[in-house]
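# What the coordinates show
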Amino acid sequence: MRKVHGVISLTMLMIPFVAGLYAVITASLHAGMLYAALLLVLPMIIIYSFCTKCSCNREGCGHVLPGKIAAFMPDRKGQKYSGRDMAGVIIPFLVLVIFPQPWLYWNTLLPIIFWVVLAVSLAYIRLYVCIGCENTECPFCKDINEGGQ
């Protein structure tokens, strides 16, 4: 069931970024092409930085697709997450979130869709995908699976 929730959460997580791409590309083709490239490249950095160290990354990945992509990258299982790894997750994610903001606000509905669906997606991941994850090194999920200890 965790994998079903993982697929649902990734699908939901794509909605804000598609809304952002729509907002950017309708205002500026060049900026839209840049954001599209970022949407393709930056998740690979996130997957390399985080998913290649995950003990679930091939068969047990709750999100399914990132685990399958991580299988083609160098395996870094068993290593603790470093500050560099966390930067490799946080910085690309922030770029993907911040980049479309000026264009989103030219429309009254798109920023609402972007932020509400993004917040719901992240909460959904935390509530339904993190539960039962076996990645004991994960700084995001560790407290859930160990009862907050």
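Reading the values: rules and limits
- Residues numbered from 1 in each chain as written.
- Predicted model: local features only at pLDDT ≥ 70, side-chain atom pairs only at ≥ 80, totals over all residues.
- Heavy atoms only, no water.
- Helix = DSSP H or I, 4+ residues; strand = E, 2+ residues; numbered from the N terminus.
- Rg over C-alpha atoms; globule rule 2.2 N^0.38 Å.
- Contact = heavy atoms within 4.5 Å.
- Areas by Shrake-Rupley, 256 points an atom, 1.4 Å probe, with all protein chains shown as cover.
- Lys, Arg positive; Asp, Glu negative; His and termini not counted.
- Charge placed at Lys NZ, Arg CZ, Asp CG, Glu CD.
- Expected span 1.5 Å × (residues − 1).
- Buried < 20%, exposed > 50% of the residue type's maximum accessible area, 1.4 Å probe, protein only.
- Salt bridge = Lys/Arg side-chain N within 4 Å of Asp/Glu carboxyl O.
- Core = buried A, V, L, I, M, F, W, Y, C linked by side-chain atoms within 4.5 Å.
- Axes fitted to C-alpha atoms, helices over the stretch in contact; angles between N-to-C directions.
- Parallel < 35°, antiparallel > 145°, perpendicular 65-115°, else oblique.
- Left-handed = near helix turned anticlockwise from the far one by under 90°.
- Nonpolar A, V, L, I, M, F, W, Y, C, P; charged D, E, K, R; others polar.
- Disulfide = S-S within 2.5 Å.
- Polar contact = N/O pair within 3.5 Å; in protein donor to acceptor, adjacent residues only side chain to side chain.

Counting its regular elements, the protein contains seven helices and zero strands. Seen in sequence order, the protein has helices and strands lined up from the N terminus as α-α-α-α-α-α-α. Relative to the 2.2 N^0.38 estimate, which gives 15 Å for 149 residues, the radius of gyration of the protein is 16 Å and therefore close to what a compact globule would have. Across its three principal axes, the protein shows a C-alpha extent of roughly 45 × 30 × 25 Å. For the protein, contacts bridging at least 24 residues in sequence account for 68% of all contacts bridging at least 6. A total of about 8,500 Å² of accessible surface is found on the protein, and carbon and sulfur atoms cover 73% of it. Each charge sign in the protein was given a centre, from 11 positive and 7 negative side chains, and these centres are 4 Å apart.

Residues lying three or four places apart along an α-helix face the same way, a consequence of the helix completing one turn every 3.6 residues. Here helix α6 (residues 110-129) contains 20 residues, and its C-alpha end-to-end distance of 26 Å stays within 8% of the 28 Å for a straight helix at 1.5 Å per residue. Residues of α6 that are buried include every one of Leu110, Pro111, Phe114, Leu118, Ser121, Tyr124, Ile125 and Val129, and no others.

On to the pattern of salt bridges. Counted under the stated rule, the structure contains two salt bridges. Between Asp85 and Lys53 there is a salt bridge, with its nearest N and O atoms 2.3 Å apart. Placement of the pair is Asp85 in helix α4 (residues 83-98) and Lys53 in the loop between α2 (29-50) and α3 (65-70), with a sequence separation of 32 residues. Relative accessible area serves as the criterion here: at 5%, Asp85 is assigned to the buried category. Notably, a salt bridge pairs Arg76 with Asp85, separated by 2.9 Å at the nearest N-O pair. Here the salt bridges share partners, and the residues they tie into one network are Lys53, Arg76 and Asp85.

Another point: the nonpolar core. By size, the foremost hydrophobic cluster in this structure holds 20 residues, and its most contacted members are Phe17 and Tyr35. Put simply, the parts of the chain that give this core at least two residues each are α1 (2-27), α2, α4, α5 (101-104) and α6. With residues near it in sequence (within four places) discarded, Phe17 still touches Tyr35, Leu39, Phe93, Leu96, Val97, Phe114 and Leu118. In terms of nonpolar packing, the next biggest core, distinct from the first, is built from nine residues, Tyr81, Val89, Cys133 and Cys138 among them.

Let us now look at the packing of α1 against α6. Closest axis-to-axis distance for the α1/α6 pair is 9 Å, and the angle between their directions is 160°. Overall, the two elements α1 and α6 adopt an arrangement that is roughly antiparallel. Pair α1 / α6 crosses with left-handed handedness. For the contact of α1 with α6, a count of residues per class yields 20 nonpolar, five polar and one charged.

With that out of the way, let us pick up the state of the cysteines. Counted by the stated rule, this structure contains zero disulfides. Looking at the unpaired Cys51, the closest cysteine sulfur is the one in Cys61, lying at 6.0 Å.

A few words on the side chain of Asp85. Here the side chain of Asp85 touches Arg76 through a polar contact of 2.9 Å, side chain to side chain. Not counting residues within four places of it along the chain, the set of residues in contact with Asp85 comprises Ser49, Lys53, Arg76 and Lys80.

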